[in-house]
Amino acid sequence: MSFNTGSDLRLTQLKEWLSSLSAEQVLPDSIRPASSDASFRRYFRVDAPDGATYIAMDAPPPQEDVQPFIHVAEVFGEAGVSVPKILEKDVERGFLLLSDLGTTTYLNQLNPDSAHKLYLDAIDALVLIQAQSKPGVLPEYDRALLHRELMLFPEWYVGKHLGITMSEKQTERLNKVFDALLANNLAQPQVYVHRDYHSRNLMVTERGNPGILDFQDAVYGPITYDLVSLLRDAYIQWDEEMVLDWAIRYWERARRAGLPVNPDIDAFYRDFEFMGLQRHLKVLGIFARLYHRDGKDGYLKDLPLVMEYTRKAAGRYHALAPLIVLLDEFEEKAPSAGYTF
């Protein structure tokens, strides 16, 4: 794959940095895009003379900071899961050279035949990470952060994407739903949380499956969060019966590992659903922001599935039912072209 590097100063600097490395010999001119990212980070694949490949990360300061990535890679690596090894680093300039976990994402490989094995591997890795959890190691997923994420929904999805200004009564109803979600989320046991544990960030590997990527935003927070990311994935959908089966299998493994999941499976699944709704609302806001602020339209096609998750979860619980009324009101007011639920 060839691409123009002439006007890309960061890429030129990255290639110069790769040329200067002594411990790891790579071929800077072999550099090519490895994956896209919703942030300012970029990932490139680069060859070595012996035929091996590595990943070069470009995380431009001040928008990005490689320190959290380095820290979480160490924390998760010590838990015994597969994460990229950091081979070289230039923290000041935001460059890292990483081991390559391959090109096959879970999303590429998942199908009705492969899903069960792949999801059980991902659940086992998740339990390993959570079993090592200690307070004070990662930032707290506190009320302020959870609430800030929820506010992406009214600001970017309702306001910018649907073009709707909510009334005072609508805002009050939405805030009551937010309060119910936050009360549940904050009451859940706290563990290490990847925050984007889903099919695009899990790599199919021959050993130590899955390879885990994009963990730099990890926090210490609600125990069901990563399971929801995995099983209520914005990019691929499974039957409710399969999701329930995998959630129960996680719950059984978590209890065996001594994790503080709710001992009542119905209460645990309620926690899972409340946490899921917090995440779905956040994701609706993020996808809308990626389009309207950042000009990235690739996520618009995923909005209907996330909205389907949102409606189903809200429709199952009395405390969340006002959200369904609001969504119906928004749908009536929204422009008919371009916005689908």
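Just so we're clear, the structure is a prediction, and the values are computed from it rather than from any experiment.

In the predicted model, the protein chain carries a mean pLDDT of 93, and the fraction of residues at 70 or more is 94%. This stretch, residues 1-5, has a pLDDT under 50; its non-local contacts, to residues over four places away or in other chains, come to 10 contacts. Predicted confidence for residues 337-341 stays below pLDDT 50, and this span has 10 contacts to residues more than four positions away or in other chains.

Let's shift gears to the environment of Glu-149. With respect to the element layout, Glu-149 can be found in helix H5 (residues 143-150). Taking the relative accessible area as the measure of exposure, Glu-149 reaches 5% and is therefore buried. The spacing of Glu-149 and Thr-53 is 96 residues in sequence and 37 Å in space, taken between C-alpha atoms. Reaching out from Glu-149, the side chain makes a polar contact with the side chain of Tyr-141 at a distance of 2.5 Å.

Glancing now at the packing of aromatic side chains. Within the structure shown, the criterion is met by 14 aromatic pairs. Relative to Trp-238, the ring of Tyr-119 lies with its centre 5.9 Å away and its plane at 85°, an arrangement referred to as edge-to-face. Of this pair, Tyr-119 sits in helix H4 (residues 115-131) while Trp-238 is found in the loop between helix H8 (225-231) and helix H9 (240-256), placing the two residues 119 residues apart along the sequence. Taking the centre distance of 5.1 Å and the plane angle of 20° together, the rings of Tyr-269 and Phe-272 count as stacked. Taken together, the positions of Tyr-269 and Phe-272, both in helix H10 (residues 265-292) and 3 residues apart, correspond to about one turn of that helix. Since its relative accessible area comes to 15%, Tyr-269 is described here as buried. Joined through ring pairs, the aromatic side chains of Phe-69, Phe-76 and Phe-215 make up one cluster. A cation over an aromatic ring shows up here: Lys-160 above the ring of Trp-156, its NZ or CZ 5.8 Å from the ring centre. A cation over a ring is seen here: Arg-195 above Tyr-141, with NZ or CZ 5.1 Å from the ring centre.

Attention shifts here to the pattern of salt bridges. Overall, the coordinates contain 26 salt bridges when judged by the stated rule. In this structure, Asp-328 engages Arg-311 in a salt bridge whose closest nitrogen and oxygen atoms are separated by 3.0 Å. Highlighted residues: Asp-328 in helix H12 (residues 321-333) and Arg-311 in helix H11 (residues 303-315), separated in sequence by 17 residues. The class of Asp-328 is partly exposed, set by a relative accessible area of 34%. Ionic pairing is found between Arg-311 and Glu-331, a salt bridge with its closest N-O pair at 3.3 Å. A residue pair is termed long-range when its members are at least 10 positions apart, and Arg-311 in helix H11 and Glu-331 in helix H12 qualify at 20 residues. The exposure class of Arg-311 is partly exposed, given its relative accessible area of 21%. In this structure, a network of salt bridges that share partners links the residues Asp-8, Arg-10, Arg-42 and Asp-58.

Rules used throughout
- Residues numbered from 1 in each chain as written.
- Predicted model: local features only at pLDDT ≥ 70, side-chain atom pairs only at ≥ 80, totals over all residues.
- Heavy atoms only, no water.
- pLDDT = per-residue confidence, 0-100.
- Contact = heavy atoms within 4.5 Å.
- Helix = DSSP H or I, 4+ residues; strand = E, 2+ residues; numbered from the N terminus.
- Buried < 20%, exposed > 50% of the residue type's maximum accessible area, 1.4 Å probe, protein only.
- Polar contact = N/O pair within 3.5 Å; in protein donor to acceptor, adjacent residues only side chain to side chain.
- Phe/Tyr/Trp six-rings, centres within 6.5 Å; stacked < 30°, edge-to-face > 60°.
- Lys NZ or Arg CZ within 6 Å of the ring centre and 35° of its normal.
- Salt bridge = Lys/Arg side-chain N within 4 Å of Asp/Glu carboxyl O.

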